[in-house]
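Listed here are the chains, written in short residue letters.
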Amino acid sequence: MAMIKIAIAGTSGLAQYLAHYISTQTYHQFIFLSRNNNPGLAAKGWQVIKVDYNNSNQLQYALTGIHTVISTISGQAEIALIDAAAQRHIRRFVPSEFEGRPSTRPAANILDRGNRASLTRLQHYAQYGMQYAVFACGIFYERFAPGGMATFQLGKGTYIDGEGDYLMNIRTMKAEIPYFNAAGEPVYVCMTSAQDLARYIVAALDLPQWTTEFRVCGERMALGDIVKAAEIMRGVSFEKTILSDESLEHSLAYAKASGNVVQQWRLHHVLATTAGCYDFTTPNLHSLVNVNPQRFSNWLYAAWASAP
Ligand SMILES: NC(=O)c1ccc[n+]([C@@H]2O[C@H](COP(=O)([O-])OP(=O)(O)OC[C@H]3O[C@@H](n4cnc5c(N)ncnc54)[C@H](OP(=O)(O)O)[C@@H]3O)[C@@H](O)[C@H]2O)c1
């Protein structure tokens, strides 16, 4: 494919992985859009354009010559970016929607972070020629890293970016897990490392045809097997608390009543898990690109081998 120019909005860990793979695996050019100057990124030779997402003219100007926008930002700022991209006749737009399939996300859930509104906007502009694609990847392996996702500058907006904030604490060897869903079936999730997700997205840049949803999955596992993998890695049996949807709903009601917002977010993440929001069985990007995702256990061993 001919060289294109890409704008990556946001500068978190995922944005930086994208930049890394664009610069090492392709001949495409890219810029970051950020609210800050980010001298650290500029020091790597990466171009950072400072933008104010409330200033539509400035946003449009920053998108001059851009072919594809990859957004890692959410909410009102992303809407403004989508509008500016459409004004600028950007060809392709990837929204910040790197989790489950949008169709399985519960309506009006706090986990949405404005994603539904962004998608509605993109569906509208698609009629006028701006393509978009969601990259569904399940949950990031990095949720189980020493130091949590925060170590990778990931998940700041999720309230579960600390070590042990989601399902299990590998250091203290404790798991709080809903093994079964409301129907009594084992809960499954698709998982991918953020790094592999970035490789998939970068590989998809060169595909001549885009669909509105690309699905990738490093490994699909039952929650019980995720804990087992961590137990084997640590060489000990974890202390396990088995959660039911009923007990989760009860805890959620309590978190709401006591105004504990962080706890509400955490419980919503677990409830979305048992509802199957991060599970799918039909990855459709694997056969189109040449990426070999890391298996969960291999990633886990590597991540914890050098844990402080
Ligand atoms: N599947 C998973 O397990 C998983 C886990 C975590 C995240 N994710 C996904 O990864 C993406 C990024 O999420 P995140 O939580 O890591 O990052 P985030 O907190 O949403 O921040 C991403 C970027 O948004 C910009 N930003 C933050 N607050 C902003 C504001 N108020 N106005 C405008 N821009 C703002 C920042 O860029 P600047 O500071 O450079 O402007 C930041 O780098 C999301 O799509 C999320 O769903 C997935």
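Residues numbered from 1 in each chain as written. Predicted model: local features only at pLDDT ≥ 70, side-chain atom pairs only at ≥ 80, totals over all residues. Heavy atoms only, no water.

As named in an unreviewed UniProt entry, the protein is NmrA-like domain-containing protein, taken from Helicocarpus griseus UAMH5409.

Trainee: Would you take a moment to explain the side chain of Thr-158 for this structure?
Mentor: Structurally, Thr-158 can be placed in the loop between β8 (139-140) and β9 (168-169). For Thr-158, a relative accessible area of 8% translates into the label buried. A polar contact of 2.6 Å, which involves the side chain of Thr-158, links it to the backbone oxygen of Gly-155. Excluding anything up to four places from it in sequence, Thr-158 contacts Arg-113, Met-149, Trp-265 and His-269. (Helix = DSSP H or I, 4+ residues; strand = E, 2+ residues; numbered from the N terminus. Buried < 20%, exposed > 50% of the residue type's maximum accessible area, 1.4 Å probe, protein only. Polar contact = N/O pair within 3.5 Å; in protein donor to acceptor, adjacent residues only side chain to side chain. Contact = heavy atoms within 4.5 Å.)

Trainee: In this structure, what is going on with the site of the ligand? I would like to understand it.
Mentor: Taken together, 25 residues form the shell around the ligand, and within it Thr-11, Ser-34, Ser-96, Arg-113 and Gly-155 come nearest. Within the contact set of the ligand, an oxygen atom lies 2.8 Å away from a backbone nitrogen or oxygen of Phe-140. Out of a free accessible area of 890 Å², the ligand has 83% covered by protein chains. Mapping the ligand onto the cavity grids shows that it belongs to the largest pocket. When its residues are assigned to classes, the shell around the ligand shows 8 nonpolar, 11 polar and 6 charged. (Near = heavy atom within 4 Å. Areas by Shrake-Rupley, 256 points an atom, 1.4 Å probe, with all protein chains shown as cover. 1 Å grid on protein atoms, 1.4 Å probe; cavity = no way out; pocket = protein on both sides within 12 Å on 5 of 7 lines; lining within 4 Å. Sits in = over half its atoms within 2 Å of the grid points. Nonpolar A, V, L, I, M, F, W, Y, C, P; charged D, E, K, R; others polar.)

Trainee: Honestly, the layout of surface pockets in this entry has me stumped. Any pointers?
Mentor: Over the atoms rolls a probe the size of a water molecule, and its path tells where empty space is left. Roughly 1,100 Å³ of volume is contained in the largest pocket. Taken together, 44 residues make up the lining of the largest pocket; nearest its centre are Ser-12, Thr-72, Ser-74, Arg-113 and Gly-157. Going through the elements one at a time, β2 (29-34), β8 and α9 (261-274) are the ones with two or more residues in the lining of the largest pocket. When grouped by side-chain class, the residues that make up the lining of the largest pocket number 17 nonpolar, 17 polar and 10 charged. Residue-level mapping places the lining of the largest pocket at the junction of two domains, with at least three residues from each of domain 1 (5-132) and domain 2 (141-190 + 219-279 + 291-305). There is about 420 Å³ of room inside the second largest pocket. Lining the second largest pocket we find 19 residues, and of these Gly-164, Asp-165, Leu-167, Glu-176 and Leu-243 sit closest to its centre. Grouping the amino acids of the lining of the second largest pocket by side-chain chemistry returns 8 nonpolar, 6 polar and 5 charged. (Points joined across faces, edges and corners; volume = space filled by probe spheres on them. Domains from an automatic or database assignment.)

Trainee: What exactly am I supposed to notice about the packing of helix α7 (residues 223-234) against helix α10 (residues 296-305) here?
Mentor: Geometry of a packed helix pair, given as the angle between the helix axes and the separation of the axes. Two numbers describe how α7 lies on α10: the axes approach to 10 Å, and their chain directions differ by 40°. Relative to α10, α7 is oriented oblique. Considering only the axes of α7 and α10, their crossing is right-handed. On α10, the residues that touch Ile-226, Ala-229, Ala-230, Ile-232 and Met-233 of α7 are Phe-296, Ser-297, Leu-300, Tyr-301 and Trp-304. When grouped by side-chain class, the residues that make up the contact of α7 with α10 number 9 nonpolar, 1 polar and no charged. (Axes fitted to C-alpha atoms, helices over the stretch in contact; angles between N-to-C directions. Parallel < 35°, antiparallel > 145°, perpendicular 65-115°, else oblique. Left-handed = near helix turned anticlockwise from the far one by under 90°.)

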